[in-house]
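Residues per chain, in single letters:
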Amino acid sequence: MPATPEVQTGLEDVVAATTRICFIDGKQGRLIYEGYDIRDLAARSTFEEVAHLLWYGRLPTSAQLAELKARFAELRTLPSALAERIDTLPISANPMDILRTAVSSLALFEPEETRPGPSSIGGAQRLVAVLPTILGQFHRRRVRRPAPEPRPELSQAAYLLYCLLDREPTELESRAMDVALVLHADHELNASTFSARVTASTLSDLYSAVTSAIGTLKGPLHGGANERVMELLDEIGSVDRAEEVVKAKLARHERIMGFGHRVYKVEDPRATILREWSRKVGESRGNLRYYELLRRVEEVVHREKGLYPNVDLYSGSVYSLIGIPHDLFTPVFAASRVLGWTAHVLEEYRDLRLIRPVAKYVGALDLPYVPIGERH
Ligand code: CMC
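The rules behind these values
Residues numbered from 1 in each chain as written. Predicted model: local features only at pLDDT ≥ 70, side-chain atom pairs only at ≥ 80, totals over all residues. Heavy atoms only, no water. Near = heavy atom within 4 Å. Polar contact = N/O pair within 3.5 Å; in protein donor to acceptor, adjacent residues only side chain to side chain. Areas by Shrake-Rupley, 256 points an atom, 1.4 Å probe, with all protein chains shown as cover. Nonpolar A, V, L, I, M, F, W, Y, C, P; charged D, E, K, R; others polar. Salt bridge = Lys/Arg side-chain N within 4 Å of Asp/Glu carboxyl O. Buried < 20%, exposed > 50% of the residue type's maximum accessible area, 1.4 Å probe, protein only. Core = buried A, V, L, I, M, F, W, Y, C linked by side-chain atoms within 4.5 Å. Helix = DSSP H or I, 4+ residues; strand = E, 2+ residues; numbered from the N terminus. Contact = heavy atoms within 4.5 Å. Domains from an automatic or database assignment. Buried area = accessible area lost by both parts, 1.4 Å probe. Pairing = 2+ DSSP bridges. Axes fitted to C-alpha atoms, helices over the stretch in contact; angles between N-to-C directions. Parallel < 35°, antiparallel > 145°, perpendicular 65-115°, else oblique. Expected span 1.5 Å × (residues − 1). Bend = angle between axes of the 7 residues up to and from the residue.

Neighbouring the ligand are 21 residues; His222, Arg255, Ile256, Gly258 and Arg262 lie closest to it. The side chain of Asn310 places a nitrogen or oxygen atom 2.9 Å from an oxygen atom of the ligand. In isolation the ligand offers 930 Å² of accessible surface; the protein chains occlude 67% of this area. Looking at the shell around the ligand residue by residue, the classes come out as ten nonpolar, six polar and five charged.

Here's what the structure looks like:
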């Protein structure tokens, strides 16, 4: 058999694309979007500004920002046939499955947006604008509340909260969500973005690429980790039990969700920022329970395994304090990452080459074919 190069399991360290969108310095713990440090963007910009940055490669002027905000507001309404379809889906469904199904179905109503190519920017804006509406349409039915209105005066962060909570978010809540959306918007060739790029590289359409990405984000080793962190906190219950519970899990070789990262060898800078927001939102609620539990879990995991927190460790505590149900944490991640997925798909269309790696064959060769009647 011809020799094949060694397999890089999990494609670890394989450079599979060039990108101008996002750079991760895993040794220094730095994350850069289009040249800007995530710490500056989280402190000073908004999700809308970052959307302009990732799609067009530069921060917007005031006029461009106003135009983009107006565009988002315009694009929030679902086709009524899709809203009706969502209303027939089982309320017991996993919201990530609803999101995947709804985005896939949306393409049926918007064929003009699904053409692959640079014109997909219209579809990209549509998807970012509409994901909160899909989540609101589904979740509000579960809690017997009316479907959301487009609310053009709200930022994307405030609109997402309004869709999920059916109330006006406070300024602190909106700002916390805006920061979370900025932090989650992109992360280079993470698994879901890679799957979006693979789909786009076949010259398939944007909505198909985003549907692939939603399915990929759902897994607990990726976006699903934030929901599992809250399950861990529920299991631990109180700070004095953290050490015992975490050590027992590690002894059983279980993974502690919210820790470890393929690229970061130090603390994920997004975790540093979200830790502060967990404390801030906790203080505003007079409830530092999650923050204190997470700090203790961090100490134990670092001491026992040398692992650092990733973005998923603190995000759930912020969302939970705001009142978002746990099974919507990964969909909230998707409502932000859809921006990165679409930016990467547009980049893929600009510089397209079919993504098609090879596998090392480890099966048999030259087996004689046995007719069905002679097999046992
Ligand atoms: N808890 C316990 N042990 C861990 C963890 C963890 N969270 N993460 C890595 N390890 C151990 C792992 O068991 C292995 O140990 P050993 O060599 O003794 O078998 C070693 O560290 C290397 O693990 P790996 O699976 O080869 O590393 P990876 O680069 O493939 O995994 C990861 C990266 C994120 C999948 C992993 O760290 C993990 O499972 N973390 C928990 C899930 C999580 O928090 N995911 C969110 C990732 S960040 C946001 C996102 O991408 O969505």
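So, about the pattern of salt bridges. Evaluation of the coordinates by the stated rule reveals 33 salt bridges. The residue Lys249 makes a salt bridge to Glu254 at a minimum N-O spacing of 3.1 Å. Lys249 gets classed as buried once you look at its relative accessible area, which sits at 11%. Members of the salt-bridge network, linked through shared partners, are Glu243, Lys247, Arg296, Glu299, Arg303 and Glu304.

Bringing the nonpolar core into the picture now. Judged by nonpolar contacts, the single largest core of 107 residues is most densely connected at Tyr33, Trp55, Met177 and Ile324. When residues in this core are grouped by element, the largest group, twelve residues, is from helix 16 (residues 329-350). Those residues within four positions of Tyr33 in sequence are excluded, and the remaining contacts are Ile21, Cys22, Ile38, Leu41, Val50, Leu53, Leu54, Val182, Leu183, His184, Ala185 and Asp186. One finds Leu154, Tyr159, Tyr162 and Cys163 within the second-largest nonpolar core, a separate group that totals five residues.

Take the side chain of Gln125 next. Residue placement: Gln125 occurs in helix 6 (residues 121-142). Aside from chain neighbours lying at most four places away, what touches Gln125 is Trp55, Tyr56, Leu68, Arg71, Phe72 and Leu75.

A few words now on the domain arrangement of the protein. Each domain of the protein was delimited in the assignment, giving domain 1 (16-220 + 328-350) and domain 2 (225-322). Distance between the C-alpha centres of domain 1 and domain 2: 25 Å. Counting the surface lost from both domain 1 and domain 2, the interface buries some 2400 Å², and carbon and sulfur atoms represent 71% of this. When residues of domain 1 are sorted by the area they lose upon contact with domain 2, Leu172, Pro220 and Phe329 head the list and together hold 27% of the total. At the junction of domain 1 and domain 2, the tally comes to one salt bridge.

Okay, the sheet that holds strand 1 (residues 22-25) next. The strand order 1-2-3 describes an open sheet built from three strands, whose pairing is antiparallel. The outermost strands of the open sheet, each flanked by one partner alone, are strand 1 and strand 3 (36-37). As paired strands, strand 2 (residues 30-33) and strand 3 are joined by two bridges and run antiparallel to one another. The partner of Tyr33 across the bridge, within strand 3, is Tyr36.

As for its position among the elements, Asp205 is in the loop between helix 9 (191-201) and helix 10 (206-217). A residue is classified by how much of its surface remains accessible, and Asp205, at 15% relative accessible area, is buried. The sequence separation of Asp205 and Tyr349 amounts to 144 residues, and the corresponding C-alpha distance is 9.8 Å. Here Tyr207 takes part through its backbone nitrogen, which lies 3.0 Å from a polar atom of the side chain of Asp205. At a separation of 2.7 Å, a polar atom in the side chain of Asp205 contacts the side chain of Ser208.

Let's shift gears to the pairing of strand 2. Across four bridges, strand 1 lies against strand 2 in antiparallel orientation. Counterpart to Cys22 in the pairing with strand 2 is Tyr33. Hairpin connection from strand 1 to strand 2: four residues lie between these consecutive antiparallel strands, with Gly29 at a positive phi of about 70°. Remark: two residues form the turn of the hairpin made by strand 2 and strand 3, two consecutive strands paired antiparallel; Glu34 in that turn has positive phi of roughly 45°.

Another aspect to go through is the packing of helix 6 against helix 16. The relative placement of two packed helices comes down to the angle between their axes together with the axis-to-axis distance. Close contact between helix 6 and helix 16 brings their axes to 10 Å; oriented N to C, the two are set at 175°. By the angle class used here, helix 6 and helix 16 are roughly antiparallel. For the pair helix 6 and helix 16, contact is made by Ile121, Ala124, Leu127, Val128, Leu131 and Leu135 and by Pro331, Ala334, Ala335, Val338, Leu339, Thr342 and Leu346, respectively.

Helix length check: helix 6, at 22 residues, gives a terminal C-alpha distance of 33 Å against a target of 32 Å (1.5 Å per residue), a fit within 8%. Where helix 6 bends most, the angle comes to about 35°, and this point is Val130, followed within four residues by the proline Pro132. Taking burial as the measure, the 22 residues of helix 6 include 19 buried ones, the bulk of the element. Backbone geometry just after helix 6 places Arg144 at a positive phi near 55°.

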